[in-house]
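Examining the three-dimensional arrangement
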Amino acid sequence: MKKNFFLIVASLLLTLVIFAPMTNVKAVENNDDSQEVTTISIPIYEYPDNNFRAAKKEIAKANFHVDSSNRIVYEVVMNKGYTFESFSGLIMVTDLTSGLSQGRFTISGKSGSVQIAKLKNHQFYASISGAVKAKNGFGYSFDGAHLRWIYK
């Protein structure tokens, strides 16, 4: 039973990785202006009274991109009327070329970055999740976001 469950979960995850949209990032080591960087903006929603079925209201965005040094850079931008208090999250990175994990990184603060190995022509996949807390004391969360890119 456990083996079948594991195989189903592994198959589902592999399918999600294979069919996930490619974030085209040409990360180069020199300071050449020809680099191309893509940013993903993840909406962060309010869940009143921890009721996850209640109507959601967007209170912030978490912006992520990969820079030319193969770093995942993030920033939390609060919407008008909300004041940032804290952010904590998790980034899990896999090198799809080798099939090896590149690590599990805990992130916190309004902005920051995580350095990924500079392996030329390797394709990477990063799964991102986290939670934002506003000054009014309510928690806001997001999950299911990802980046996929090739380091050049």
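Look up: the structure comes first, before these words.
Residues numbered from 1 in each chain as written. Predicted model: local features only at pLDDT ≥ 70, side-chain atom pairs only at ≥ 80, totals over all residues. Heavy atoms only, no water.

1. Things to note about the overall build of the chain
What counts here: Strands here are runs of E lasting at least two residues and helices are runs of H or I lasting at least four, both read from the DSSP assignment and numbered beginning at the N terminus. Note on classification: 1.4 Å probe, protein chains only; a residue is buried when its accessible area is under 20% of the maximum for its type, exposed when over 50%, partly exposed between these limits. Pairs of residues are marked as contacts when any of their non-hydrogen atoms sit within 4.5 Å.
For the chain, the count of helices and strands is one helix and nine strands. Counting helices and strands in the order they occur from the N terminus, the chain gives α-β-β-β-β-β-β-β-β-β. Out of the 152 residues in the chain, the part that is buried amounts to 34%. For the chain, long-range pairs separated by at least 24 residues make up 58% of all intrachain contacts whose partners lie at least 6 apart in sequence.

2. Regarding the pairing of strand S5 (residues 84-95)
The line we're drawing: Note on pairing: two strands pair once DSSP finds at least 2 bridges between them.
Pairing analysis gives 11 bridges linking S5 to strand S8 (residues 122-134), with the strands arranged antiparallel. Paired with Ile 91 across the bridge in S8 is Ile 128. One ladder, built from eight bridges, connects S5 with strand S6 (residues 100-108); its direction is antiparallel. Bridging from a neighbouring strand, Ile 91 pairs with Phe 105 of S6.

3. Re the side chain of Asn 70
Positionally, Asn 70 belongs in the loop between strand S3 (57-66) and strand S4 (71-78). Leaving out residues up to four positions away in the same chain, Asn 70 has contacts with Val 114, Gln 115, Ile 116, Ala 117, Lys 118, Phe 124, Trp 149 and Tyr 151.

4. Concerning the environment of Ile 91
Of note, Ile 91 is situated in strand S5. Its relative accessible area of 0% is what places Ile 91 among the buried residues. Separated by 14 residues in the primary sequence, Ile 91 and Phe 105 place their C-alpha atoms 5.1 Å from one another. Once you skip the residues sitting within four places of it in the chain, Ile 91 turns out to touch Phe 64, Ile 72, Gly 103, Arg 104, Phe 105, Ile 107, Val 114, Ala 126, Ser 127 and Ile 128.

5. Remarks on unusual backbone geometry
Here Asn 70, not a glycine, exhibits a phi torsion of approximately 60 degrees, which is positive. Note on Asn 70: relative accessible area 0%, which makes it buried. At Asn 121, a residue that is not glycine, the phi angle is positive and equals roughly 65 degrees. Here Asn 121 is to be found in the loop between strand S7 (111-115) and S8.

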